[in-house]
Amino acid sequence: MTDPIINLATKRVRELTPYLSARRIGGRGHTFLNANEAPKSAAYLLNSTTLNRYPECQPPELIEAYANYANVPLENVLVSRGSDESIGLLVRTFCESGKDSILIVPPTYGMYKISADTAGVNTIEVPPVGNFAPDVDAIKALVEDASKSIKIIFLCSPNNPTGTILGRSTLEEILAFTKDKCLVVVDEAYIEFCPEYTCVPLLAKYRNLVVTRTLSKAFALAGIRCGFTLADEEIIKLMLKVIDPYPIADPVAQIACQALSKNGLILLKERINELNDRKARFIAGVKDLSIIKEVFADNANYILLRFTDGEKVFNEFVRRGIILRDFNTKPLLKDSVRITIGSEQEMEEVKNVLFELAKA
Ligand SMILES: *Cc1c(COP(=O)(O)O)cnc(C)c1O
């Protein structure tokens, strides 16, 4: 018999599979290149004199700092506990439980479906075409089918884990036929590594476009949980009805403001250049190894590699205390393993193991 406490939970929650984050999967090791984190943290100062007070729901200095950084008006910015919270807020604000759907293009980031599952919202998966591009015709047919009731399309650019960029004309095509029908959310968690591809300039032209951003990746602040939504003022206002009253802890706002200060942005630029350079050297060094069948797009701070035997490679790394992320069971990604670009030393270590495995 099921534990009566468990039976108290809703059926939906009892049947839920939670997100298997790198942190939850865990693994014993000394080198963790499985969560696309930055290899090291910067230093920050904290003022503790006002910690007795509740923080503002949307700390004004932080909203201003991010609006300046992203080059959008203040009223188009929302700050949340990571962009994961933004994804959840969007689903809960725009999708009716038991009725509406979201649409995703797998393989992609796992949280869109999990946020939908948690909210009792259906997920429609549309396989990509060509080089992991959205199937525009298939998506159009689904959006126009009222019985599907699609409220949000989640697209990720650069896509986690394939690194693929969403083409500007593809996005504009989708934005045009979804106008007044559903939101198109572009997840730009990794956009700082290839800023030329941002779709933020399109916000002024399409009211149904939403862009999510985060300080967790290029800003090297995954630990503070801070993300942003850039969207039409009315969309932001609706989300503010759903968000908790005090989501952003005061120390989080302080650290985020320092990261977005003039000096913080200089450090960001240096960190990105260094990482992109290390990524290029790593890929050039391993791409011709016999065990590597395919090198995916290298637009973010990770690289997805397809091996002759991905499961074996992943396990050989685990055996040596190096934890990567296995995508072997995901659609179209058989034998693929994602490697976060870490420190110089970590990449040297990964390269050495790959050479060793190629020789064996
Ligand atoms: C890491 C990641 C996120 C999560 O960002 P947080 O701001 O840390 O919640 C969102 N989207 C994608 C595609 C990611 O890889």
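Check the entry above for the structure.
Note that the structure is a prediction, hence the values are computed from the model and not measured.

Draft legend 1. View of the pairing of strand β9 (residues 292–295). Where β9 and strand β10 (residues 302–307) come together, 3 bridges link them in antiparallel fashion. Across the sheet, Val295 pairs through a bridge with Leu305, a residue of β10.

Draft legend 2. Broad picture of the sheet that holds strand β12 (residues 325–326). Reading across the sheet, the 4 strands line up as β9-β10-β13-β12 and stay open at both edges, with antiparallel pairing between neighbours. Two strands in the sheet have a free side with no partner beyond their single neighbour: β9 and β12. This element, helix α11 (residues 262–286), spans β9, β10 and β13 (336–340) of the sheet and lies at about 10 degrees to β10.

Draft legend 3. Here's a closer look at the sheet that holds strand β5 (residues 150–156). On the basis of which strands lie adjacent, the open sheet formed by 7 strands has the order β2-β8-β7-β6-β5-β3-β4 and mixed pairing. Each edge of the open sheet carries a strand with a single partner, namely β2 (77–80) and β4 (122–125). The average undirected angle you get between the axes of adjacent strands in this sheet is 25 degrees. Relative to strand β7 (residues 209–214), strand β6 (residues 183–187) is paired through 4 bridges, and the arrangement is parallel. The residue bridging Val186 from the neighbouring strand is Val211, located in β7. Packed onto the sheet, helix α4 (residues 60–70) meets β2, β7 and β8 (227–231) and runs at close to 120 degrees relative to β2. Taken strand by strand, helix α8 (residues 168–178) contacts β5, β6 and β7, and its axis lies near 155 degrees from that of β6.

Draft legend 4. Fine view of helix α7 (residues 136–144). Within α7, the full set of buried residues consists of Val136, Ile139, Leu142 and Val143. Mapping the buried residues of α7 onto a view down its axis gives an arc of 130 degrees, with all of them on the same face. The inward-facing, buried residues of α7 abut β3 (101–104), β4, β5 and α8.

Draft legend 5. Fine view of the site of the ligand. In the region of the ligand, 13 residues are neighbours, and Ser83, Tyr190, Thr214, Ser216 and Lys217 sit closest. Within the complex, the protein chains bury 94% of what would otherwise be the 390 Å² of accessible surface of the ligand. Considering every element that reaches the shell around the ligand, the biggest residue donor is helix α5 (residues 82–94), with 3 residues. Classifying every residue of the shell around the ligand by side-chain character gives 4 nonpolar, 5 polar and 4 charged.

Draft legend 6. Quick peek at the nonpolar core. Among the nonpolar cores identified, the biggest contains 81 residues, and Ile153, Phe282 and Leu354 are the most heavily contacted of them. Leave out the neighbours within four places in its chain, and Phe282 touches Ile303, Ile339, Ile341, Met347, Val350, Lys351 and Leu354. The next biggest cluster of nonpolar side chains, apart from the first, holds 27 residues, and it includes Cys95, Ile152, Leu183 and Ala231.

Draft legend 7. Region of the structure containing the side chain of Asn159. Along the chain, the position of Asn159 falls in the loop between β5 and α8. A polar atom in the side chain of Asn159 sits 2.8 Å from the backbone oxygen of Pro107. Among residues more than four places away in sequence, those in contact with Asn159 are Pro107, Thr108, Tyr109, Thr164 and Tyr302.

Draft legend 8. Structural view of the packing of α11 against helix α13 (residues 344–359). Remark: α11 packs on α13, axes separated minimally by 10 Å, with the N-to-C direction vectors making an angle of 10 degrees. One way to sum up the angle between α11 and α13 is to call them roughly parallel. Two secondary-structure elements touch here, α11 through Arg278, Arg281, Phe282, Gly285 and Val286 and α13 through Glu344, Met347, Val350, Lys351, Leu354 and Phe355. Broken down by class, the residue content of the contact of α11 with α13 amounts to 6 nonpolar, 1 polar and 4 charged.

Draft legend 9. Quick peek at the environment of Glu348. Take Glu348: it is sitting in helix α13. On a C-alpha basis, the gap between Glu348 and Phe282 in space is 8.1 Å, while along the polypeptide they are 66 residues apart.

What counts and what doesn't
Residues numbered from 1 in each chain as written. Predicted model: local features only at pLDDT ≥ 70, side-chain atom pairs only at ≥ 80, totals over all residues. Heavy atoms only, no water. Pairing = 2+ DSSP bridges. Helix = DSSP H or I, 4+ residues; strand = E, 2+ residues; numbered from the N terminus. Contact = heavy atoms within 4.5 Å. Axes fitted to C-alpha atoms, helices over the stretch in contact; angles between N-to-C directions. Buried < 20%, exposed > 50% of the residue type's maximum accessible area, 1.4 Å probe, protein only. Arc of directions from axis to C-beta. Near = heavy atom within 4 Å. Areas by Shrake-Rupley, 256 points an atom, 1.4 Å probe, with all protein chains shown as cover. Nonpolar A, V, L, I, M, F, W, Y, C, P; charged D, E, K, R; others polar. Core = buried A, V, L, I, M, F, W, Y, C linked by side-chain atoms within 4.5 Å. Polar contact = N/O pair within 3.5 Å; in protein donor to acceptor, adjacent residues only side chain to side chain. Parallel < 35°, antiparallel > 145°, perpendicular 65-115°, else oblique.

As far as function goes, none of this settles anything; it's purely spatial.
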